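The residues making up each chain are set out below.
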Amino acid sequence: MDRYFSSEFSLGILGGGQLGKMLLTETQKWDINTHVLDPSPDAPCKTGCNFFTQGDLMDYQTVIEFGKNLDVLTIEIEGVNLEALSDLETSGVKTYPRAETLRFIQDKGIQKSFYLKHNIPTAPFRLFESRDALIKAYEMGDLALPQVWKIARGGYDGKGVQILRSPEVLLNLPQAPCVIEQLIPFTHELAVIVARSPSGQEMSYPVVEMEFHPEANQVEYVICPARIEESLAQKAQEVALQVSRALKHEGLLAVELFATSTGDILVNEVAPRPHNSGHYSIEASYTNQFEQHLRAILDLPLGDTLSKAAGIMVNLVGAEGHTGPVYYENIEKILAIPGVTPHIYGKKETRPFRKMGHVTIIHRDMEQARSIAEQVKNNINVISKS
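A few points on the structure. (Residues numbered from 1 in each chain as written. Predicted model: local features only at pLDDT ≥ 70, side-chain atom pairs only at ≥ 80, totals over all residues. Heavy atoms only, no water.)

Bringing the overall build of the chain into the picture now. Counting secondary structure elements, the chain contains eleven helices and 21 strands. Across the 386 residues of the chain, 54% fall into the buried class. Counting only carbon and sulfur atoms, one obtains 50% of the accessible surface of the chain, whose full area is about 16900 Å². Treating the 36 positive side-chain charges of the chain as one cloud and the 48 negative ones as another, the clouds have centres 1 Å apart. (Helix = DSSP H or I, 4+ residues; strand = E, 2+ residues; numbered from the N terminus. Buried < 20%, exposed > 50% of the residue type's maximum accessible area, 1.4 Å probe, protein only. Areas by Shrake-Rupley, 256 points an atom, 1.4 Å probe, with all protein chains shown as cover. Lys, Arg positive; Asp, Glu negative; His and termini not counted. Charge placed at Lys NZ, Arg CZ, Asp CG, Glu CD.)

The next thing to look at is the pattern of salt bridges. A full pass over the atoms with the stated rule returns 18 salt bridges. Between Lys150 and Glu269 there is a salt bridge whose closest N-O contact spans 3.3 Å. Note that Lys150 is positioned in strand S7 (residues 147–151) and Glu269 in strand S15 (residues 265–271), a separation of 119 residues in sequence. (Salt bridge = Lys/Arg side-chain N within 4 Å of Asp/Glu carboxyl O.)

So, on to the nonpolar core. Most often, soluble globular proteins have nonpolar side chains that are buried together. Counting 25 residues, the largest nonpolar core has Val243, Leu257 and Val267 as its most contacted members. The element best represented in this core is helix H7 (residues 230–247), accounting for eight residues. (Core = buried A, V, L, I, M, F, W, Y, C linked by side-chain atoms within 4.5 Å.)

This part is about the packing of aromatic side chains. For any pair of aromatic rings, the description rests on two quantities: the centre-to-centre distance and the angle between the ring planes. Under the counting rule described, the total for this entry stands at five aromatic pairs. Look at Tyr4 and Phe5: their rings are 6.2 Å apart centre to centre, the planes differ by 90°, and that puts the pair in the edge-to-face class. Classification of Tyr4 as buried rests on a relative accessible area of 8%. Ring plane angle 90° and centroid distance 5.7 Å describe the contact between Phe5 and Trp30, whose orientation is recorded as edge-to-face. (Phe/Tyr/Trp six-rings, centres within 6.5 Å; stacked < 30°, edge-to-face > 60°.)

It is worth spelling out H7 at this point. For an α-helix, 3.6 residues make a turn, and residues three or four places apart therefore share a direction. Between its terminal C-alpha atoms H7 stretches 26 Å, which fits the 26 Å expected from 18 residues at 1.5 Å a residue. Residues of H7 that are buried include every one of Leu232, Ala233, Ala236, Val239, Ala240, Leu241, Val243, Ser244 and Leu247, and no others. For H7, the secondary structure elements touched by its buried residues are helix H4 (99–106), helix H5 (108–117), strand S10 (186–196), strand S11 (202–204), strand S14 (251–260) and S15. Directly beyond the C-terminal end of H7, a positive phi value near 55° is found at Lys248. (Expected span 1.5 Å × (residues − 1). Contact = heavy atoms within 4.5 Å.)

Axis separation between helix H3 (residues 82–91) and H4 bottoms out at 9 Å; the angle between their running directions is 160°. The orientation of H3 relative to H4 falls into the category roughly antiparallel. When the axes of H3 and H4 are compared, the crossing they make is left-handed. Of the residues in H4, those touching H3 at Leu82, Leu85, Ser86 and Glu89 are Ala99, Leu102, Arg103 and Gln106. When its residues are assigned to classes, the contact of H3 with H4 shows four nonpolar, two polar and two charged. (Axes fitted to C-alpha atoms, helices over the stretch in contact; angles between N-to-C directions. Parallel < 35°, antiparallel > 145°, perpendicular 65-115°, else oblique. Left-handed = near helix turned anticlockwise from the far one by under 90°. Nonpolar A, V, L, I, M, F, W, Y, C, P; charged D, E, K, R; others polar.)

Here the focus is the sheet that holds strand S1 (residues 10–14). Taken in spatial order, the five strands of this open sheet run S3-S2-S1-S4-S5, and their pairing is parallel. Every other strand in the sheet has two partners, leaving strand S3 (51–54) and strand S5 (94–96) as the edge strands with one partner each. Ignoring which end each strand starts from, the neighbouring axes of this sheet average 20° apart. As paired elements, strand S2 (residues 33–38) and S3 share four bridges and run parallel to each other. Bridge assignment links Val36 to a residue of S3, and that residue is Phe52. (Pairing = 2+ DSSP bridges.)

Here we take up H5. Three or more residues of H5 are buried, namely Lys108, Gly109, Gln111, Lys112, Phe114 and Tyr115. Looking at the packing, one finds that the buried side of H5 touches H4, strand S6 (125–128), S7, strand S9 (178–182), H7 and S15. Two to three positions downstream of the cap, the backbone nitrogen of Gly109 sits 2.8 Å from a side-chain oxygen, assigning the N-cap of H5 to Asp107. Looking one or two residues beyond H5, the residue adopting positive phi is Asn119, at roughly 55°. (Polar contact = N/O pair within 3.5 Å; in protein donor to acceptor, adjacent residues only side chain to side chain.)

Turning next to the sheet that holds strand S21 (residues 381–384). Across the sheet, which stays open at both edges, the three strands sit in the order S19-S17-S21 with antiparallel pairing between neighbours. Looking along the sheet, the strands with just one partner apiece sit at the ends: strand S19 (349–350) and S21. In the sheet, strand S17 (residues 324–329) pairs with S19 via two bridges, with the strands oriented antiparallel. Along S19, the bridge assignment pairs Gly324 with Thr350.

Here it is, written out as structure tokens:
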């Protein structure tokens, strides 16, 4: 195990965004040699890694050339070339997650079918190859609205998800394969992060509760622990572990869930990497999610997942009507509040609803933490410079 630290060992990260940047904080802490591949010359990871390569994550040869001399390869975004990842695995590079796991996750239709095959509870769904096929089903009376539409591939941060309430909206959907889900009357949107290592260790973090922006369909607040009954929280953790085991996933897996009024837990989606729902852990947990991901993929002992205090995460997203060089208005006001820690991702250009950072609030009392989170949300503005 000591071969990772202050050595020639090399860890590669496919993707150079904010998740990679926060992972690099942990690799720097342990003096682990890192390589990052990202298409943007201004990627947030660029200044924190040992070696940066600009290139297309979906290009087979680019990914092969980047990864062929690395010891371990991980991701911070799912949109990577799976054929290259698979061939790197065959050549002896350890990849987390495996290409096979990513195949289930990159396509939401395959992901939903996987849940069905493995008896994992999820919302009833149907798959359609195109918008036209969906419209035909509606016109023939084979599909009743409302339903939830999800594009099969490429959706993220609320993009590619829409509630279909009237037939008119069907005409504006892209001509692409999609998943149509039954609209579930849920009481809470929850998430559980599970860590599993190659040697079989597994641990789960406390259940968190997510509050969403009504327009952008993005998470505004992540609340830990979730304000639910202990029996429901235990069920959510058990379902999350069931998903991780079925996928045979190694590393970190974020499992997004719905809690229904009848006490059921349904899997919504998963992400095989550190996740927005775990950012609170940087300040609030004994072992933050980025260190835990590193521990898991290097097969080191997993860390304590318990929280030191109640934690709430507020996303900092670009304000509507603002595009251009970013300016964090009133950040000094939130810095004056005890228990408040801002994280700025290093993206120089803002645009409406773009994730530019987050703020963590920790407090011994959950209600106080939630009140402070509201203060933070109402004070700081992510705008463009005038």
